[in-house]
Amino acid sequence: KQEVTQIPAALSVPEGENLVLNCSFTDSAIYNLQWFRQDPGKGLTSLLLIQSSQREQTSGRLNASLDKSSGRSTLYIAASQPGDSATYLCAVSRYGGSQGNLIFGKGTKLSVKP
Amino acid sequence: ETGVTQSPTHLIKTRGQQVTLRCSSQSGHNTVSWYQQALGQGPQFIFQYYREEENGRGNFPPRFSGLQFPNYSSELNVNALELDDSALYLCASSQVSLRGRETQYFGPGTRLLVL
């Protein structure tokens, strides 16, 4: 059974700092991995999607890496801003499963202080 | 904004009642998935519909059921509500294409409280 773990559960940093969020998964047979952002009481916004054949994806100040063999992904946020404060969720898609079958971690709650 | 809308935004029910939640997919999307997110947890997959047929189901009992309509809007029905059903219910739509799996676009969710 696939399990996704995110460390740390919460993180507080001063504005301007670079930071790394970690995600690990127990079954390396994944199709893709996605990072989402969730603001309090709101839905999810997709940030980056990495196919299993890829090593990393970049969007602006965000960079996500994937090491499928070790079951790890990291989300790197450069020059953090207070507007980055949110919960960040990592999710994997089961290989060969239905498209909707995203398996999520519990998230990392990020607070960026001015 | 993702173009996916959900109604209602909030709902309070009592144990044993039934509830229907609604989702309107992003234009052109033929697939909708539903997730349950308990407080402090990640979303858990309930089921998915593709072209009006159920196309995958998570570990949820049969009292969780759904429908997808020809216009690709969708409903989630929950019978015999239990206290543990209190959660944020999220729907996500996507367009399955020959390229394979596409990014899912999530709605804002419906917050359900069961008393």
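The preceding data block contains the structure.
Description of the structure in this document. Everything quoted here is computed from the prediction, not taken from an experiment. Think of each chain on its own: its residues are numbered from 1, step by step along the sequence as written. Chain A is the first chain written and ligand 1 is the first ligand written, with later ones labelled in order. Totals for whole chains, interfaces and linings use all residues, but because this is a predicted model, local features are given only for residues with pLDDT of at least 70 and pairs of side-chain atoms are given and counted only at 80 or more. With hydrogens and water excluded, all non-hydrogen atoms of the structure serve as input to the side-chain values.

Some remarks on the interface of chain B and chain A
Applicable threshold: For this analysis, residues touch if any pair of their heavy atoms sits within 4.5 Å. Summed over both partners, the accessible surface that disappears when two parts come together, traced with a 1.4 Å probe, is what is meant by buried area. Take a side-chain nitrogen of Lys or Arg and a carboxyl oxygen of Asp or Glu: if they are within 4 Å of each other, that pair is a salt bridge. Definition of a polar contact: a pair of N or O atoms within 3.5 Å, with one able to donate and the other able to accept a hydrogen when the atoms are protein atoms, and with sequence-neighbouring residues admitted only if both atoms are side-chain atoms. Counting from the N terminus, the helices are the DSSP runs of H or I reaching at least four residues and the strands are the DSSP runs of E reaching at least two. Any residue outside Ala, Val, Leu, Ile, Met, Phe, Trp, Tyr, Cys, Pro, Asp, Glu, Lys and Arg is labelled polar, Gly included; the first ten of those are nonpolar and the last four are charged.
If you look at the interface, chain B gives 24 residues, while chain A gives 24 residues. Here chain B packs against chain A, burying approximately 1800 Å² in sum over the two surfaces, 50% of which is carbon and sulfur. Taken together, the links from chain B to chain A amount to zero salt bridges. For the interface between chain B and chain A, the tally reads three residue pairs in polar contact (both at pLDDT 80 or more). Elements with a minimum of two residues in the side of chain B that touches chain A: strand 4 (31–37), strand 5 (44–50), strand 6 (53–57) and strand 9 (87–94) of chain B. Of the residues assigned to the side of chain B that touches chain A, the class counts are eight nonpolar, 12 polar and four charged.

A few points about a nonpolar patch on the surface
Rules: A patch consists of residues whose relative accessible area exceeds 30% and which take part in no salt bridge; residues with like charges are grouped when within 9 Å of each other, and nonpolar side chains (Val, Leu, Ile, Met, Phe, Trp, Tyr) when within 5 Å. The protein chains shown are the only cover counted for residues, whose accessible areas, like all others here, come from Shrake-Rupley with a 1.4 Å probe.
On the surface, Ile12(B), Leu113(B) and Leu115(B) cluster together into a nonpolar patch covering about 300 Å² of accessible area. Turning to its location among the elements, Ile12(B) is positioned in strand 2 (residues 10–13).

Thoughts on the packing of aromatic side chains
All names here are of chain B. Defined as follows: Pairing of aromatic rings covers Phe, Tyr and the six-membered ring of Trp, with a centre-to-centre limit of 6.5 Å; geometry is then stacked below 30 degrees between planes, edge-to-face above 60, and tilted otherwise. Three exposure classes are used, based on accessible area relative to the maximum for each residue type with a 1.4 Å probe and protein chains only: buried under 20%, partly exposed in between, and exposed over 50%.
Under the counting rule described, the total for this entry stands at eight aromatic pairs over all chains. With centroids separated by 5.6 Å and ring planes inclined at 45 degrees, the aromatic side chains of Tyr-35 and Phe-106 adopt a geometry described as tilted. Taken together, the residues span a long stretch of sequence, with Tyr-35 in strand 4 and Phe-106 in strand 10 (residues 105–106) at a distance of 71 residues. Assessed through its relative accessible area of 0%, Tyr-35 is described here as buried. For Phe-106, a relative accessible area of 3% puts it in the buried group. Ring centres 5.1 Å apart and planes at 65 degrees place the aromatic pair Phe-60 and Phe-64 in the edge-to-face group. We note that Phe-60, like Phe-64, is buried.

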